[in-house]
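Next come the chains, spelled out residue by residue.
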Amino acid sequence: MAEPKPFYLDEKLKEVAARGYLDYRSHELPTWCPGCGYFGMTQALIEVAHELGIPHHDMGIVSGIGCAGRAPIFYDAYGFHTIHGRALPVASGLKLGNRALSVFVITGDGDCLGIGGGHLAHVARKNVDITCFLYDNNIYGLTKGQSSPTTPLGQPTSSHPYGNPDAPLNPMALALTYGATFAARCFAGDVAHMKGVFKAAIEHKGFSFVHCLSPCVTFDKENITWKRMRGLLADPPPNHDTASLSEAMRLAQDPRYITGLFFQDKSRLDYQSYLDQALKDFKG
Amino acid sequence: MANVDIVIEICGMAGEGVISGGEILARCMSDQGFDIMSFDSYPAEIRGFGKCVAHTRIGSKPILSPGKYSDILISLNDKHAIEQLPALRETGVVIYDSMPRAYLEEDESIAGWIEPGMTSYGVPLLQLSHKAAGDARGRNMVALGALAALFHINPDAMTATLKKRYAKKNQIVIDNNVNSFLEGFNWTRENIVKTDRLSFGGVRAKAADKAIMSGNQAVVRAALDSNIHLYAGYPITPATSIMEYLARQLPLSGGVIVQTEDEISAIGHVIGAGFAGKRAMTATSGPGLCLMSEFINYAAMAECPAVIVNSQRGGPSTGLPTKTEQSDLNIALFGASGDSPRIVLAPRSVAECHSFTCMAFHLAEKYQTPVILLLDFFLSRSLKNIDHPKLPDKKWLASNLAPSAADLKDYKRYKITNSGVSPRALPGTPGGMHVATGLEHNEKGKPVYDARTHTAMTAKRYRKLDHAAREIPRPLWTGDKKDIAVGVLTWGSTAGAAMEAVDRARAAGVRAAAMSPACLAPLHTADIEAFTAACRSVLVPEGNFTGQFANLIDGAVTRQFHRLSEIPCAPIPAEDIFDKIMDIAKIAKGRKVKA
C-alpha cells in the first residue's frame, strides 16, 4: 500500500484561497450547531456570488434576529444585522438607496412569517429588486425550541409540550399570493442544486423569494429530520409551467418537499424601474 | 406711525370657501408687508356641514402667536358663527349676511347676538355674489371686499393677490373671484357708515416678498434643500401632508417615495437608505412614533443616521388626531430600552421648521444617530409668512466622516475616538466591509458581551451628543437679562406665545424674560441654569398634563418651578401665560393672586 501523501495546512489554505471564495468569508466562525444546514447555505451563497462576479463590497446582506439572523456576521460583506422581523424593510431601503448594490435578505421562519409577517406581503408586491432567502428550520432555535409559524400541527415543542395547536403557514403559497415575481425552493442538503436556484434568484430582476429547507438538528430530533426530509424530496413535474401562477400554487400545496423553480414573472418591472419609467412618461 | 394687531376670523360651513378666503387674506396682507399667522380649524370629517374657522392674525410687528381672541368675525354661516362669538373681543366687529337665502328666526341670526360694545355690519353677501358671478360661491370674496372697504385694505393689492393665487385656473374663475370681491368692496363703501375704530390704514407697511408656508411645508422644503433621497411614511394626521408634498416633488429630483405598510417599515426603509449613505426621512405622529421606538433604538446602537419628524397631537393612543399638544416629549427622549442616545430638536416657529430640518439631516449624518424633530399639530398646520428660506450651508450637505485609506487597511467601523464619531464606510467601498448590528459590539462590529466594551461603547455613543451640542444653537433668551422677576422657560411651539407674553409683561412694568432650548437632547443645561439663576421665579408653560419639560429640567436644575401644564386642544395662548406672569409677579391689576 502506498504511503498517503502528506497533508500540509498552509498548502491546503493556499489551495482554498486560490478558489477566490475566502474573500467573502469573515474571520468569525459560525455559531450554528454542528450539522446545521445553514453552513451549506452560507457556502452556496458565497460560491454563487463569486461565480456571478459580484464583488463582496457591493453585497448588502440584511438579516433579522434568530439563527438565520447571525448569517451576515460570517460574511466579509456589508452586513446589516437588524431587529427582529424587520430585515425586509431595511433591505428595501438599502436597495432604493443604492441600486448598484446586490441586496440579500437572510431571514428565518419566525423572523419572516411571525414577528415580521406583515412586511413580506408589501415588499413582495412592490417588487423591490432584492433576493429573500427564508431559512426555514420549522422552530425558534436561538431561544431553544419554541413553536414557529412553520412548526407542524401537533408537534411537541418547548412552548407547546402537549403538541403545537397552531396550523403551520405555507411560505411558498404566501409568497406567490403576495405577488413575488420569483419563487423557488431548495434543500440545504443539496448544495449543487441550491446553487442553481440561488443563481436564478439573484439574476431575477425583481423580488425573489427562496424557501430554503433545513432541519433543526438540535430541537427536533424526531419529526423533520435530515433523513425524513430527504425521503420526501421531489422535483417539479417535467411539464411544470413556471410562468403559470395557478400551477405554482398547486405545486405549493403538495405535501412533499418539491424543490426547484415554482414561478417566475419576467415581464413585470421592479419597483425602481417602475418609478423611473413613470417619471419618464410624466416628463414625456 | 400707528401699529396694528388685528385678528380676523372667517366662520362658516365646510365648502363655503372659509379656508380659501382666509388664505387669500393672509397672502394679500403679507404681500403688503404685514406679518401674518394663520391657524385654521375644520372638522375631522371629510364631508358634511361641519364648522370651519379661518383664523388669521395680522400685525405691523412680528406675530409670535395666533392670538386667543378675535377682533373681526366674518359670518358666512350664522349658526356656526354664533358659536364662535365667545372668542370675539368685547369691542369686536361682526360682518354678516344681511339678506341670507332663508328666513332666520330672531335667535338664528348673528345680528341678534351682538352685545353692547360690539359693532355689526350687515352686507348682502349672497345677493352681491349672485350679481357679480351668478351664483353663491363668491360669498367669501364679497365678504373680503366688505372687509377691505371697512378696514382700509388696498383693493388693488387684494385683486393682485387673487390673480396671482388663481393664475393656474380658468380665466372665468379669476374673473368671478375678482368681480365678487369688487362688488362687495364697492357696495360697502357706498352703503355702510363705519362706526368702529379698527383700521389697517395709516400703517406704513412696505410691500414685501415673503414665502407663506406651514411647518410641514417648511420641513418638505428643507428636506429637498438637504438633498433627501428617500422618504418612507405611513399616513397619519397631522404628518401626512409632508408625504403628500414630497410625493409630488421628490421623484422630480430623482428621489424615491415609499408608502409603507406601517411605521415600522417606514423607519426601516429610512435606516436602510441611511446605511447606503443616502439622506432619508420619515414623518409621523405619536402612535407611529411608538411603533418606531425599537428601530430608533437600533439606529442608536448600530449608529445609523435617521431623520424622524414627529408632529404631536393629543394623546395617548389614537387620542385627538386633529388637536395640538406637546405631550410626546417623553417618548421622544426616553422611548427606548437601554441607554439609547438620540438628538431631539424642537423648532419654535415655521422658519425654524426649515432650518432645524436642514440641521437634522446634517447632525444625523455627522453623528450617525437618529434625530427626532418635534413639531405639533399647530406648527405643522399653521401658516406663517417668513423670509424665503436659505439653502443649507454646503458643509451641511456632505457631513459623513468617510474613512481614510489608512483607516481601510484594518477597518474598524466602530473605532473609539475622542468625539465618539467613527469613520463610516458606505456599501460599495472596497475594504470597508463590516456588519452593523444591534448587538453590543467591539470596534470591528463583532458582537461581544463584556462589561469593559459595553461601557466604552455606551460612553462613545453618548460622547457624540456632547459634541453635537456644541454646534446646535444655544437656548434663545429674550427680554431682561438680570434681576428678572418672572422668567418663562418653555419649548417648541409654545415659545412664541411665551415671548409675546414676556413682551407684554415688560410693557406692563414687570422685569421678565423668556428662554426656550432648540434641542431637548442634548440639553444645554448650563444655559438653563444661568437663566434660572437670574430669575426670582420661573414659570414653565407647556402643552401637556404632566409637565414633561418641567420634569426634565427639574432633574437638570435644582429649582422650584411654577407650572402651567395645560391641554386646551389648542396652542397655549400668550394671554394665559401673560396672566400667569402677572399673578406670579403679584402686580396683576384687579386680579387675585393665586396661592
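Residues numbered from 1 in each chain as written. Chains lettered and ligands numbered in written order. Predicted model: local features only at pLDDT ≥ 70, side-chain atom pairs only at ≥ 80, totals over all residues. Heavy atoms only, no water.

Caption draft 1: Fine view of the pairing of strand E8 (residues 230-233) of chain B. Residues and elements named next belong to chain B. Side chains Leu230 and Ala232 project from E8 onto one buried face, and the interleaved Tyr231 and Gly233 project onto a second face that is buried too. The β-α-β motif built from E8, the intervening helix H8 (residues 240-249) and the parallel element strand E9 (residues 256-259) has right-handed crossover chirality. Inspection of the sheet shows E8 paired to strand E10 (residues 280-284) by two bridges, in the parallel sense. Note that in E10 the partner of tyrosine 231 across the bridge is methionine 281. (Buried < 20%, exposed > 50% of the residue type's maximum accessible area, 1.4 Å probe, protein only. Helix = DSSP H or I, 4+ residues; strand = E, 2+ residues; numbered from the N terminus. Right-handed = clockwise from strand over helix to strand, strands pointing away. Pairing = 2+ DSSP bridges.)

Caption draft 2: Looking closely at the environment of Asp31(B). Residue and element names in this part refer to chain B. With respect to the helices and strands, the residue aspartate 31 is situated in helix H1 (residues 18-31). Taking C-alpha positions, aspartate 31 is 39 Å from isoleucine 267, a pair spaced 236 residues apart along the chain. Among the polar contacts listed, one links the side chain of aspartate 31 to the side chain of threonine 161, at a separation of 3.5 Å. (Polar contact = N/O pair within 3.5 Å; in protein donor to acceptor, adjacent residues only side chain to side chain.)

Caption draft 3: View of the nonpolar core. Counting residues in each nonpolar core, the largest one holds 94 residues, and the members touching the most others are Phe80(A) and Phe207(A). Setting aside its immediate chain neighbours within four residues, Phe207(A) contacts Leu88(A), Leu120(A), Val123(A), Ala124(A), Asn127(A), Val128(A), Asp129(A), Ile130(A), Cys132(A), Ala180(A), Thr181(A) and Phe182(A). Within the second largest apolar cluster, 48 residues are counted, among which are Ile10(B), Phe34(B), Leu147(B) and Leu383(B). (Core = buried A, V, L, I, M, F, W, Y, C linked by side-chain atoms within 4.5 Å. Contact = heavy atoms within 4.5 Å.)

Caption draft 4: Region of the structure containing the sheet that holds strand E6 (residues 119-123) of chain B. Residue and element names in this part refer to chain B. Taken in spatial order, the eight strands line up as E6-E5-E4-E1-E3-E2-E14-E7 in an open sheet, and their pairing is mixed. Among the strands making up the open sheet, the edge pair consists of E6 and strand E7 (211-214). Strand-to-strand twist in this sheet, taken as the mean axis angle between neighbours without regard to direction, amounts to 20 degrees. Examined bridge by bridge, strand E4 (residues 70-75) and strand E5 (residues 88-97) share four bridges and lie parallel to one another. Bridge pairing links isoleucine 74 to isoleucine 95 in E5. Lying over the sheet, helix H3 (residues 125-133) contacts E4, E5 and E6, oriented at roughly 45 degrees with respect to E5. (Axes fitted to C-alpha atoms, helices over the stretch in contact; angles between N-to-C directions.)

Caption draft 5: Quick look at the sheet that holds strand E18 (residues 512-516) of chain B. Residue and element names in this part refer to chain B. Pairing in this open sheet of five strands is mixed, and the strands run E16-E18-E17-E20-E21 from one edge to the other. Two strands in the sheet have a free side with no partner beyond their single neighbour: strand E16 (476-479) and strand E21 (562-565). Sheet twist, expressed as the average angle between the axes of neighbouring strands with direction ignored, equals 20 degrees. Pairing of strand E20 (residues 535-542) with E21, which is carried by four bridges, proceeds in the parallel orientation. For valine 540, the partnering residue across the bridge sits in E21 and is arginine 563.

Caption draft 6: Representation of helix H6 (residues 171-178) of chain A in the model. All names here are of chain A. Among the eight residues that make up H6, six are buried, leaving the element largely enclosed by the rest of the structure. The set of residues buried in H6 consists of Pro171, Met172, Ala173, Leu174, Ala175 and Leu176. Note on H6: the residue one or two positions beyond its end, glycine 179, has a positive phi of about 95 degrees.

Caption draft 7: Representation of the interface of chain A and chain B in the model. If you look at the interface, chain A gives 36 residues, while chain B gives 42 residues. Between chain A and chain B, the buried area comes to about 3100 Å², and carbon and sulfur atoms account for 66% of it. On the chain A side of the contact with chain B, Tyr78(A), Phe80(A) and Ile83(A) bury the most area, a combined 22% of that side's loss. Inspection of the chain A/chain B interface yields one salt bridge. Summed over the shared surface of chain A and chain B, the number is 19 residue pairs in polar contact (both at pLDDT 80 or more). Sorting the residues of the side of chain A that touches chain B by element identifies strand E2 (78-81), helix H3 (87-97), helix H5 (117-126) and helix H10 (271-283) of chain A as the ones contributing at least two each. The element best represented in the side of chain A that touches chain B is H3(A), accounting for seven residues. Residues belonging to the side of chain A that touches chain B are distributed by class as follows: 15 nonpolar, 14 polar and seven charged. (Buried area = accessible area lost by both parts, 1.4 Å probe. Salt bridge = Lys/Arg side-chain N within 4 Å of Asp/Glu carboxyl O. Nonpolar A, V, L, I, M, F, W, Y, C, P; charged D, E, K, R; others polar.)

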